[in-house]
Amino acid sequence: MERIGLFGGSFDPVHCGHWLVAQAALEELQLTRLYFIPAAQSPFKPQSEPAPAAQRVRLLRLALAGQTRCEIDTQEILRGGMSYTIDTVRDYARRFPRAQLCYLIGADHLGQLSRWRAAGELAQLTQFVAVPRPGQAGTAAPRPFRVLSLHGFPLAVSSSQVRTRIRSGLSVAGLVPPAVAEAIAREGWYR
Ligand code: ATP
């Protein structure tokens, strides 16, 4: 059975933690394909407006260059407004009725899963996969979700840390892929 990974987030900007989540999922779940799905506006961050979508997508493209099993899906950006996972997962369930869908989340999101929009339907349409995130204690999967856990490569890096470091004039080498660091520096983004 085809197994498709879905990885939603703000990716503002994409960092090496995201990249390692993808690597772990591809290996441990033996995914056929993994879609990175940047949100227009995350319901978990209603107060903060992300960087322009074109900027975030361009950095994602640089981060994923050469990754043949990874793709970028801009459907949430094209829909605009608040990005609800259920809308995206319904779309994949319709397009890939025979595939097993695996929705990746950092362990920091696990505890709130039951508050996600249309949680019952979401739990039916996709398997959730929790990836370890340093500093996050392992939380039990809330019912009715089926949650697998990956071993992964826990890396304590976040987009907010990357943004803060750039604003402070500090290096982000090693925290984001080199091509992403170069583009951010060249364009003067996140200063
Ligand atoms: P911010 O610091 O702005 O809140 P973030 O680093 O959490 O951003 P997002 O793009 O919001 O990045 O995260 C998308 C998904 O990736 C979420 O499920 C999040 O839990 C997960 N994730 C992000 N960073 C890591 C990491 N270092 N390890 C594991 N999962 C991560």
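Not measured: the values here are computed from a predicted model. (Residues numbered from 1 in each chain as written. Predicted model: local features only at pLDDT ≥ 70, side-chain atom pairs only at ≥ 80, totals over all residues. Heavy atoms only, no water.)

Draft legend 1. Representation of the nonpolar core. Counting residues in hydrophobic clusters, the biggest one holds 34 residues, and the most contacted among them are L29, L34, F36, L59 and L104. Here this core takes six residues from helix α1 (residues 16–29), the largest share from any one element. Within the second largest apolar cluster, 21 residues are counted, among which are I86, L110, L113 and A119. (Core = buried A, V, L, I, M, F, W, Y, C linked by side-chain atoms within 4.5 Å. Buried < 20%, exposed > 50% of the residue type's maximum accessible area, 1.4 Å probe, protein only. Helix = DSSP H or I, 4+ residues; strand = E, 2+ residues; numbered from the N terminus.)

Draft legend 2. Spotlight on the sheet that holds strand β5 (residues 127–131). On the basis of which strands lie adjacent, the open sheet formed by six strands has the order β3-β2-β1-β4-β5-β6 and parallel pairing. At either end of the open sheet lies a strand with only one pairing partner, and these are β3 (70–72) and β6 (147–149). If you compare each strand with its neighbour and ignore which way they point, the axes differ by 30° on average. Where β5 and β6 come together, three bridges link them in parallel fashion. By the bridge assignment for β6, V129 is matched with L148. Docked against the sheet, helix α4 (residues 85–95) engages β1 (3–9), β2 (33–38) and β4 (100–106), running at close to 155° with respect to β4. (Pairing = 2+ DSSP bridges. Axes fitted to C-alpha atoms, helices over the stretch in contact; angles between N-to-C directions. Contact = heavy atoms within 4.5 Å.)

Draft legend 3. A look at helix α7 (residues 159–167). Inspection of α7 places S159, V162 and I166 among the buried residues, and these make up the whole buried set. Angularly, the buried residues of α7 cover 60° about the axis, an arc narrow enough to put them on a single face. The inward-facing, buried residues of α7 contact α1 and α8 (178–187). Of the residues flanking the end of α7, it is G169, one or two places downstream, whose phi is positive at about 75°. (Arc of directions from axis to C-beta.)

Draft legend 4. Layout of the packing of aromatic side chains. All told, the structure shown has 11 aromatic pairs when counted by the stated rule. Look at Y92 and F96: their rings are 5.9 Å apart centre to centre, the planes differ by 20°, and that puts the pair in the stacked class. With a relative accessible area of 15%, F96 lands in the buried category. Pairing Y103 with F128 gives two aromatic rings, centres 5.5 Å apart and planes at 45°, and the pair type is tilted. Highlighted residues: Y103 in strand β4 and F128 in strand β5, separated in sequence by 25 residues. (Phe/Tyr/Trp six-rings, centres within 6.5 Å; stacked < 30°, edge-to-face > 60°.)

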